Amino acid sequence: MTTTSTFSFVHRPLVPFAHDYAHGDSEPWHQHDCAQLLHCLSGVVRVDTASGCWVVPPGRGVWLPAGTRHSLHITGHVAARTLFIDPLARADLPATCQIVQISPLLRELILASLTLPESYSPGSRDERVYELILDEIRVMPVLPFHLPEPESETLRNLCKQIRQTAGESWSSVQAASLIGMSERTLNRHFQTQTGLSYSEWVRRARLLEALQRLAQGQPVLRVALDLGYGSHSAFTVMFRRVMGISPSDYFKDS
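Predicted model only: the values in this text are computed from it and were never measured.

Caption draft 1: Representation of the packing of helix α6 (residues 198-215) against helix α8 (residues 232-243) in the model. Between α6 and α8, the least distance of the axes is 12 Å, while the angle of their chain directions is 100°. One element, α6, and the other, α8, form an angle in the roughly perpendicular class. Taking contact as the criterion, the partners of Leu207, Ala210, Leu211 and Leu214 in α6 are, on α8, Phe235, Met238, Phe239, Val242 and Met243. Each residue belonging to the contact of α6 with α8 can be placed in one class, and the counts come to nine nonpolar, no polar and no charged.

Caption draft 2: The pattern of salt bridges, seen in detail. If you walk through the whole model with that rule in mind, you get 14 salt bridges. The salt bridge partner of Asp92 is Arg138, with a shortest N-O separation of 2.9 Å. Placement of the pair is Asp92 in the loop between β9 (78-85) and β10 (98-101) and Arg138 in the loop between α2 (125-137) and β11 (142-143), with a sequence separation of 46 residues. The partly exposed category is assigned to Asp92, whose relative accessible area is 42%. Judged by relative accessible area, which is 39%, Arg138 ranks as partly exposed. Between Arg213 and Glu209 there is a salt bridge, with the nearest N and O atoms lying 2.8 Å from each other. Of this pair, Arg213 and Glu209 both sit in helix α6, separated by four residues, roughly a single helical turn. What you see here is one network of salt bridges that share partners, running through Arg90, Asp92, Glu131, Asp135 and Arg138.

Caption draft 3: Region of the structure containing the side chain of Arg206. Residue placement: Arg206 occurs in helix α6. Each residue touching Arg206, except ones within four places of it in the same chain, is listed here: Ala166, Glu168, Ser169, Trp170, Leu227 and Tyr229.

What counts and how
- Residues numbered from 1 in each chain as written.
- Predicted model: local features only at pLDDT ≥ 70, side-chain atom pairs only at ≥ 80, totals over all residues.
- Heavy atoms only, no water.
- Axes fitted to C-alpha atoms, helices over the stretch in contact; angles between N-to-C directions.
- Helix = DSSP H or I, 4+ residues; strand = E, 2+ residues; numbered from the N terminus.
- Parallel < 35°, antiparallel > 145°, perpendicular 65-115°, else oblique.
- Contact = heavy atoms within 4.5 Å.
- Nonpolar A, V, L, I, M, F, W, Y, C, P; charged D, E, K, R; others polar.
- Salt bridge = Lys/Arg side-chain N within 4 Å of Asp/Glu carboxyl O.
- Buried < 20%, exposed > 50% of the residue type's maximum accessible area, 1.4 Å probe, protein only.

Written as structure tokens, this is what we have:
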């Protein structure tokens, strides 16, 4: 059963909300009648939707358009700071789910909004804070932390197996043989149905699994070896290429 949360935007264009989660917490499938920006100050949140899995690392956020059915799974201690936003507040708010970079300015604006009153005077500082938040949301950079689900049941089952055993080699030849498909056909279907090549999908699945394990405090070397990387350095090179920082520094600074 899916529950729907309703918010009032009579007095302001967005409703800020702060909530801390413990490791292992979850929220069942639900949706909101408004848009949502969930920002993690710490920990990692996995957001499942009908179109795929979205992993929110610390310092980042996930944008969910109004009516998006989703569930949450918590790794580590998560300090979540959420904005529920009137979908009519701006004409050009993002129309699809996406993981986004939260700028230092937007982060501070979100924290400041938690202290603002529900009602404010036109032209006041409070109004300008709300309006600047909406301006910043429109220019949030999108990050590659989405693991799209293919449409076909056969590929969905394959993807489930890959996520459950992400440390195995999972070459395209192996995967194609497992589901009785040619390697060329496998790659074509993955590209068509997910927008990613098969090899890129597997790499991204490993990265998102790594983020959740690192958030639990697992050593980098253990995560690297468990996920099929031959060494600490090979994993670090991949992580730095995508994240712009080493895995040890990333979670130390978050």
